[in-house]
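Each chain is listed here by its residues.
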Amino acid sequence: MKMPPVEPYRIRMVEPVRLLPKEERLKRLNEASWNVFRLRSEDIFIDLLTDSGTGAMSIYQWAALMMGDEAYAGARSWFKFEEAVRDVLGIEYVLPVHQGRAAERILYTTLMDKRNAKIVPANTHFDTGRAVILNHGGKPLDLPVPEAKNPKLEAPFKGDMDTSALKKLIEKEGADKIAFILLVLTNNTIGGQPVSMDNIKAVKEISEEYNIPLVMDICRFAENAYFIKIRDERYRNKSVGEIVKEMLSYGDHFIMSAKKDGLANIGGFIGTRSRELYEELAGRVVLEEGFITYGGLAGRDLEAIAQGLREVVDEDYLKHRIEQVKYFGELMEELGVPVIKPIGGHAVYVDALEAVPHIPREQFPADALAAFLYLESGVRAVGLGALAFAREENGKIIYPDFELLRLAVPRRTYTSSQLEYVARSLASLLEKKEKIKGLKIVWEPKVKGVRHFLAKLAPVEKVSL
Ligand SMILES: *Cc1c(COP(=O)(O)O)cnc(C)c1O
């Protein structure tokens, strides 16, 4: 018999959730313009929209909140935070910000301006980072390894960057046209897939050879390190803490959203090994976020993050985290749902092109699947496909490689039986997939790269219950 992963914690406080009747859910979907980002949390039974800031804090984090020092400058909580970043991540200079995208905006645009360069190659850009670069007139390029394009292929490190494509790009464009190289750990957009230590080293070598800075997006550094431990036998006997330090030792600058592997509900930071760049960025942080010892966060947030960074490298926690997501994904697979393999670190991704082949790409199959999953079961997941990533070039629409439904698992929040409910609901929805209709855009925002968050949509045909 297959055992579900057993939680290495017990639950001491609960937040009731309720499942609305189906007619109500249809009403709420209509009110939300069929975009699940526009739903109210209260109307959702199980919320797998994101693993960002949605995790449960530990008793130690809640206790730490009470220790928050809310001084504007030089707060005790700031020094605790800085010490945790240095101890756990081995990063010398750190600037707190209110969340990851502020770190992206400040670091990425500073590097682009400093080098007067527009091109930013990545293993695969995440949506907020891509939007920051696009809105600054830049050119974000995705260079994932070829294996990443095959959703059925079981490869251990599908998050890797294609280093020969990277070299070719640099040779073709010239190193001075590249603002920086970005490695996203784990590779969120590709399916939460890890990046190998060998790949990190190879990218570092290229960055040194051509003198281009290497930036790491370390939102899920602990999950990436745990995958290296279990998938690369040379690291089996190393602690996750040691692996984290080695991984990050190859990076020059860093952005972090503490809402992921900071195990906190808000926060982020910029890290760098360069004193000179730190001083440049500090001015912008004061102007755009807050004084350099709080960066738009309360002292209590800094306390929660400092404690979260120390907890997230705990191997009992990580083992359960990775195994719970895997259990969830494998259950869906057994039930016939086409999932991306191998199962990623923070989410299960469903191939919407295969799941709902009757919906053409211009009708946003992934987002339609998300809307109809809510209608079916009160579960919220998110579509990542053409609505988010399609772009226009010379009047032609270029579609992204994938059309995915992402079911992100918040940290320490849902039990395995709740995830089983989700898996079974999605499987039963797909048994009557002809009921799922495509969507059309009714309204979209002018800002580039954020369409999926804000668009108002409607089904192309009448929906019956
Ligand atoms: C969430 C995330 C970000 C942005 O962080 P926010 O805190 O949501 O602003 C950047 N990169 C990756 C890989 C992320 O997952």
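Thresholds, definitions, all that
Residues numbered from 1 in each chain as written. Predicted model: local features only at pLDDT ≥ 70, side-chain atom pairs only at ≥ 80, totals over all residues. Heavy atoms only, no water. Domains from an automatic or database assignment. Contact = heavy atoms within 4.5 Å. Buried area = accessible area lost by both parts, 1.4 Å probe. Near = heavy atom within 4 Å. Polar contact = N/O pair within 3.5 Å; in protein donor to acceptor, adjacent residues only side chain to side chain. Helix = DSSP H or I, 4+ residues; strand = E, 2+ residues; numbered from the N terminus. Nonpolar A, V, L, I, M, F, W, Y, C, P; charged D, E, K, R; others polar. Buried < 20%, exposed > 50% of the residue type's maximum accessible area, 1.4 Å probe, protein only. Pairing = 2+ DSSP bridges. Right-handed = clockwise from strand over helix to strand, strands pointing away. Phe/Tyr/Trp six-rings, centres within 6.5 Å; stacked < 30°, edge-to-face > 60°.

## Quick word on the domain arrangement of the protein chain
Turning to step 1, where the next piece is worked out: With domains assigned, the protein chain is organised as domain 1 (22-51 + 315-459) and domain 2 (59-311).
Turning to step 2, where the next piece is worked out: Relative to domain 2, the C-alpha centre of domain 1 lies at a distance of 26 Å.
Turning to step 3, where the next piece is worked out: Each partner contributes to the interface: domain 1 provides 32 residues, whereas domain 2 provides 36 residues.
Turning to step 4, where the next piece is worked out: Together, E315, K341 and P342 form the three largest contributors to the area buried by domain 1 at its contact with domain 2, with a combined 20%.

## Concerning the site of the ligand
Turning to step 1, where the next piece is worked out: Surrounding the ligand, one finds 15 residues, the nearest of these being Q99, R101, D217, S257 and K260.
Turning to step 2, where the next piece is worked out: Between Q99 and the ligand, the recorded distance is 2.8 Å, taken from a side-chain N or O atom to an oxygen atom.
Turning to step 3, where the next piece is worked out: Residue K260 places a side-chain N or O atom 2.8 Å away from an oxygen atom belonging to the ligand.
Turning to step 4, where the next piece is worked out: Top contributing element to the shell around the ligand by residue count: helix α4 (residues 100-115), with 3 residues.
Turning to step 5, where the next piece is worked out: Its residues placed into classes, the shell around the ligand shows 3 nonpolar, 6 polar and 6 charged.

## Quick notes on the side chain of T186
Turning to step 1, where the next piece is worked out: The residue T186 is located in the loop between β5 (181-184) and α7 (188-191) in this model.
Turning to step 2, where the next piece is worked out: For T186, a relative accessible area of 0% corresponds to the buried category.
Turning to step 3, where the next piece is worked out: Setting aside residues up to four positions removed in sequence, T186 forms contacts with G192, Q193, P194, R220, E223, N224 and H346.

## Some details on unusual backbone geometry
Peptide bonds are trans in most cases, and residues, glycine excluded, mostly fall at negative phi.
Turning to step 1, where the next piece is worked out: Across the junction of L185 and T186, the peptide omega takes the value -15°, indicating a cis bond.
Turning to step 2, where the next piece is worked out: A cis geometry characterises the amide bond from K341 onward to P342, with omega recorded as -15°.
Turning to step 3, where the next piece is worked out: Note on placement: P342 falls in the loop between α13 (315-334) and β9 (347-351).
Turning to step 4, where the next piece is worked out: Not every positive phi belongs to a glycine, and F364 is a case in point at roughly 55°.
Turning to step 5, where the next piece is worked out: Taking the relative accessible area as the measure of exposure, F364 reaches 7% and is therefore buried.
Turning to step 6, where the next piece is worked out: Phi angles above zero are rare outside glycine, and R412 is one such case at about 60°.
Turning to step 7, where the next piece is worked out: Note that R412 resides in the loop between β14 (404-408) and α17 (416-431).
Turning to step 8, where the next piece is worked out: The class for R412 is buried, based on a relative accessible area of 18%.

## Considering the pairing of strand β3 (residues 119-122)
Turning to step 1, where the next piece is worked out: On β3, burial covers both faces: I119 and P121 on one face and V120 and A122 on the other are all buried.
Turning to step 2, where the next piece is worked out: When β3 meets strand β4 (residues 139-142), the two strands line up parallel, connected through 4 bridges. When the bridges of β4 are listed, V120 appears paired with P140.
Turning to step 3, where the next piece is worked out: Following the backbone out of β3, through helix α5 (residues 127-135) and into the adjacent parallel β4, one traces a crossover that is right-handed.

## A short note on the packing of aromatic side chains
Turning to step 1, where the next piece is worked out: Per the stated rule, a full pass over the model turns up 10 aromatic pairs.
Turning to step 2, where the next piece is worked out: When the centroid spacing of 4.9 Å and the interplanar angle of 65° are considered together, the rings of F37 and F453 count as edge-to-face. Of this pair, F37 sits in the loop between α1 (22-31) and β1 (46-47) while F453 sits in helix α18 (residues 451-454), placing them 416 residues apart in sequence.
Turning to step 3, where the next piece is worked out: Residue class for F37 comes out partly exposed when judged on its relative accessible area of 28%.
Turning to step 4, where the next piece is worked out: Measuring from centroid to centroid gives 5.2 Å for F45 and Y421, while their planes differ by 90°, and the two rings are edge-to-face. Of the two residues, F45 is situated in the loop between α1 and β1 and Y421 in helix α17; the sequence distance between them amounts to 376 residues.

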